[in-house]
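Observations on chain architecture
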Amino acid sequence: MKRVYIYKGFERFWHWMQAFLVIFLAITVFEVHGSFSFFGFEQAVKLHIIAAYSLIILIIFAIFWHFATGEWRQYIPTLENINKQIRYYITGIFQNAPHPVRKTSLSKLNPLQRLTYLGLKIVLFPLMISTGILYLFYRFPQSDAGIKITIDNLGIIAYLHTLGAFLLIAFVIAHLYLITTGQTLISNLKAMITGYEELEEEENEEFKSNIEVENETAK
Amino acid sequence: MKKTIGIIIAFILPVFLMYIIFFENEPQPSKLDLLRQTIAQKKVPAVDHSKFPELNRKFERPQDITLACISCHNKRHEEVMQTSHWRWLIDEYMDSRGIISFGKRNAINNFCISINGSEGSCNRCHIGYGYDSKDFDFTKAENIDCIVCHDNSGLYQKEKEAAGYPKKDLDFTKIAQSVGKPKMDNCGFCHFDGGGGNNAKHGDLEEALYTANREIDVHLGRDGGRFECVTCHEAKKHNIKGRLYTVASMNRNRLLCEDCHSNSPHNEDIINEHTTKVACQTCHIPTYAKVNQTKTFWDWSKAGKLIDGKPFKIENEQGNHIYLSEKGEIRWESNLQPEYVWFNGTSTHYLMGDTIDEIPLKLNKFLASYSDMNSKIYPVKIMRTIQPYDPVYNRLVNPKLWDKETGKGALWKDFNWERAIDEGMKYVNLEWSGKYDFVQTEMYWLINHMVSPKEDALKCEDCHTRNNSRLAAIKDVYLPGRDHSPFVDNFGFALIIVVLAGVFIHGGTRIVYSRKINKKKEK
């Protein structure tokens, strides 16, 4: 085993900031939704908008970071080993079987994670951001000047935004649980806090991921 | 080092961008202050009418004052004779009717129904002398009552049941010498007391405004703007700005809050955005009839009961009549929450002779909806009445309500519906089947006055709430906080429950198995 620096500084900042903002957005949005009352409607709306803009800015930085560092390759979906991974979660995990896909700094994500996170990045977040922006600007500008957005039915936008919110909450719950399925119960959590994780040292061709091969060919 | 700089930039940039987005729009303190400065400038009259020899004489008839006015203001009477204040008609385009002339002369309302046949009493509030029947000569300038609007002495009063003539033994000389811009009591004399008593009709226009504080009305309040009616309701050639959509149907010559306040008077954009779909009045007039009661319901079918052959009346605690043999049962209420409707400046009207097409019959109908770009949500008082109609011809009837004498068929003198309807329908040349019954009608009165201080304006939660939303009746729009899709919500909650269940089952199983494995190891 070797202590590997797996999550870079920005990556961790981005992850925790995003986690905080998503949870905060969920709390405020369900007050706006009328589910409960805590901040008061007006404050909830304002806080939700501020958090939403913050998240958008954060995501812009994250996108830049992913492309600048090539880390976007982590999310290239693969079907290889996906059955093994599913079988691991259904049976292997209970028998203390080893993780079927080895984690390395060049391939941090197992095939299921790749699919899920890719889905978040290209479906759910764009859905939430686009419906959120339309929610704010579905009549813009307010006066009758020039080009304008005029959507008659805010309902559809609102329903999609609500649906997305439920999906995100479901993701957060599942994600919080799956954190505990690392080498030890807290090894994943620790890695995301400190950046370092104990990973198996040896290079084994069998476990070498596509990314590594691609990276090598790129060189 | 690079990493630290990166993190610092990542922190600072979002904060900086947020600062630009949210805090650059510093409050503009001047808008309201500028308005206050404008309003504070008192206009000094250019002339002193008490110095004019034309007015320094005895006036036998009120018409003589009018003639004295015209002798100098020799075109003004022509302007006045174009106005609806004089004609009691207005030429307007009305949806599905085209251009028509309508007004108090041919409209039916659900207070005292119609002036026709009862002019002698109703037309106390006409700006003329002697409009006591439909044969009144609308071209005779000397019958214009200049004084009712322009008296500044406070002495002038029109006589009851005298077709607009003033009370006898008034000091006409003093009154004529006092003339100037209309004051609140000139307008209030008719506009506060229409419909049978103070505040009876409008609900937001009443005598309490003479002495109100700014809690009641920020504009008129004596410790507020100290406005006169004409501060906002300016007149050009005697055509006064502002409309009443119980007798108007076109979107023109309206007086809007925005005329002074602009459509973005708030410091916060999110509030300003509301002005595209919500009228100022909706939030800023949270209740109406703040001081005295207004009529909200009138049951004409109860009229005509007599005790020992004599009419009687029952008063409530505020001295308002809740029963009158002449008028039937009336409900008075105060501190009312308005109802809310879409309105875009146009309306249609039920006119004398029209067929009843729905029950309750809407005597004025707003042609507006969310999808219409010009529509906004407005607060209204809805007057609900049960009034007489002809069940055979299926139209409202015009009963003759008043006459000077008994025996002429007037309901208020003879208490006989058949006779009153017969006389009234003959008067307007409409056939009557001889049968009458009563039908529910509604009339929409926009609430525009008695604007509350901004601290009392509605809060977000008054509308954006699941239960008891003020806008519960506005159904053609998705309202955040009020509306949700049960399908999406149920799906979402089900999803969360399934995920949670999965977590607990999977986690539980892991715990059970790890114990088994540990036991094996121990063995």
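Treat the numbers as computed from the prediction; the structure is a model and nothing was measured. (Residues numbered from 1 in each chain as written. Chains lettered and ligands numbered in written order. Predicted model: local features only at pLDDT ≥ 70, side-chain atom pairs only at ≥ 80, totals over all residues.)

For the rest of this paragraph, the subject is the overall build of chain A. Helix and strand content of chain A: 7 helices and 4 strands. The order of helices and strands in chain A, counted from the N terminus, is β-α-α-α-α-β-β-α-α-β-α. Counting all 219 residues of chain A, 20% fall into the buried class. Taking contacts inside chain A between residues at least 6 apart in sequence as the whole, the part at least 24 apart equals 66%. (Helix = DSSP H or I, 4+ residues; strand = E, 2+ residues; numbered from the N terminus. Buried ≥ 20, exposed ≤ 12 C-beta atoms within 10 Å, placed from the backbone. Contact = placed C-beta atoms within 7 Å.)

From N to C terminus, chain B includes 17 helices and 15 strands. Relative to a compact globule of 523 residues, whose C-alpha radius of gyration would be 24 Å, chain B shows 31 Å and is clearly more extended. Across its three principal axes, chain B shows a C-alpha extent of roughly 125 × 60 × 45 Å. Expressed as a percentage of the 523 residues in chain B, the buried residues total 33%. Here the analysis covers contacts within chain B between residues at least 6 apart in sequence; of these, 66% occur between residues at least 24 apart. (Rg over C-alpha atoms; globule rule 2.2 N^0.38 Å.)

With 24 residues, helix H1 (residues 9–32) of chain A extends 34 Å between its outermost C-alpha atoms, agreeing within 8% with the 34 Å of an ideal straight helix rising 1.5 Å per residue. Listing the buried residues of H1(A) in full gives A:Phe10, A:Phe13, A:Leu25, A:Thr28, A:Val29, A:Glu31 and A:Val32. (Expected span 1.5 Å × (residues − 1).)

Tallying the contact residues gives 35 residues for chain A and 37 residues for chain B. Ranked by residue count, the leading element in the side of chain A that touches chain B is helix H5 (residues 154–178) of chain A, at 12 residues. A breakdown of the residues in the side of chain A that touches chain B according to their chemical character gives 22 nonpolar, 10 polar and 3 charged. (Nonpolar A, V, L, I, M, F, W, Y, C, P; charged D, E, K, R; others polar.)

On to H5(A), then. The end-to-end C-alpha distance of H5(A), which contains 25 residues, comes to 36 Å, matching closely the 36 Å that a straight helix rising 1.5 Å per residue would cover. The set of residues buried in H5(A) consists of A:Ala158, A:His161, A:Thr162, A:Leu163, A:Gly164, A:Ala165, A:Phe166, A:Leu167, A:Leu168 and A:Ile169. Looking at the buried residues of H5(A), the elements they touch are H1 and helix H4 (111–137) of chain A together with helix H17 (486–522) of chain B.

This paragraph deals with the nonpolar core. All names here are of chain B. Residues Leu401 and Leu446 are the most contacted members of the largest nonpolar core, which totals 57 residues. When residues of this core are traced back to their parent elements, those giving at least two are strand S8 (328–333), strand S9 (339–343), strand S13 (376–390), helix H14 (411–414), helix H15 (417–427) and strand S15 (437–446). No other element matches the 6 residues that S13 contributes to this core. Setting aside residues no more than four positions away along its own chain, Leu446 makes contact with Tyr245, Phe343, Tyr378 and Val380. (Core = buried A, V, L, I, M, F, W, Y, C linked by C-beta atoms within 7 Å.)

Below, the discussion takes up the pairing of strand S7 (residues 321–324) of chain B. All names here are of chain B. Bridge count between strand S6 (residues 313–315) and S7: 3 bridges; the pairing is antiparallel. Paired with Lys313 across the bridge in S7 is Leu324. Hairpin connection between S6 and S7: a loop of 5 residues separates the two successive antiparallel strands, and Gly319 in this loop has a positive phi of roughly 85°. Across 2 bridges, S7 lies against S8 in antiparallel orientation. Paired with Tyr323 across the two strands is Glu329, which belongs to S8. Where S7 hands over to S8, the hairpin turn is made up of 3 residues, counted between the paired strands. (Pairing = 2+ DSSP bridges.)

It is worth spelling out unusual backbone geometry at this point. Glycine aside, a negative phi is what most residues show, and trans is what most peptide bonds show. Residue and element names in this part refer to chain B. Of the consecutive residues Ile359 and Pro360, the connecting peptide bond is found in the cis state with omega at 0°. Counting through the fold element by element, Pro360 comes out in the loop between strand S10 (347–349) and strand S11 (361–362). Unusually for a residue other than glycine, Asn253 sits at a positive phi of about 55°. Within the secondary structure layout, Asn253 lies in the loop between strand S4 (239–240) and helix H11 (258–261). On the basis of neighbour count, Asn253 is assigned to the exposed category, with 12 C-beta atoms found within 10 Å. A positive phi is found at Met450, a non-glycine position, where the angle reads about 60°. Along the chain, the position of Met450 falls in the loop between S15 and helix H16 (460–463). A count of 29 C-beta atoms within 10 Å places Met450 in the buried class.

Residues and elements named next belong to chain A. Direction vectors running N to C along H1 and H5 enclose 135°, while the axes themselves pass 11 Å from each other. Here H1 lies oblique to H5, going by the angle between them. In this structure, the crossing between H1 and H5 has a hand that is left-handed. In contact with Val22, Ile23, Ala26 and Val29 of H1, H5 contributes Ala165, Leu168, Ile169 and Val172. Residues that form the contact of H1 with H5 fall into these classes: 8 nonpolar, no polar and no charged. (Axes fitted to C-alpha atoms, helices over the stretch in contact; angles between N-to-C directions. Parallel < 35°, antiparallel > 145°, perpendicular 65-115°, else oblique. Left-handed = near helix turned anticlockwise from the far one by under 90°.)

So, about the environment of A:Asn83. All names here are of chain A. Tracing the sequence through the fold places Asn83 in helix H3 (residues 82–90). With 11 C-beta atoms counted inside 10 Å, the residue Asn83 sits in the exposed group. Separated by 17 residues in sequence, Asn83 and Pro100 place their C-alpha atoms 9.8 Å apart.

Residue and element names in this part refer to chain A. Averaged over every residue, the pLDDT of chain A is 85; residues scoring 70 or more account for 87%. Contacts from residues 204–211, a stretch scored under 50 in pLDDT, to residues over four places away or in other chains number 10 contacts. Note on residues 213–219: pLDDT under 50 across the span, and 3 contacts to partners over four residues away in sequence or across chains. (pLDDT = per-residue confidence, 0-100.)

Turning to the confidence of the model for chain B, a few remarks are in order. Across chain B, the average pLDDT comes to 92, with 96% of residues at or above 70. Scoring the predicted complex yields pTM 0.88 and, for the interface, ipTM 0.86.

One can describe the packing of H5(A) onto H17(B) by two numbers: an axis separation of 9 Å at closest approach and a directional angle of 5°. Comparing their axes, H17(B) and H5(A) come out roughly parallel. Contacts between H5(A) and H17(B) involve A:Tyr159, A:Thr162, A:Leu163, A:Phe166, A:Ile169, A:Ala170, A:Ile173, A:Ala174 and A:Tyr177 on the former and, on the latter, B:Val488, B:Gly492, B:Leu495, B:Ile496, B:Val499, B:Leu500, B:Val503 and B:Gly507. When grouped by side-chain class, the residues that make up the contact of H5(A) with H17(B) number 14 nonpolar, 3 polar and no charged.

Here the focus is the environment of B:Ile271. Note that B:Ile271 resides in helix H12 (residues 269–272). The exposure class assigned to B:Ile271 is partly exposed, which follows from the 16 C-beta atoms found within 10 Å.

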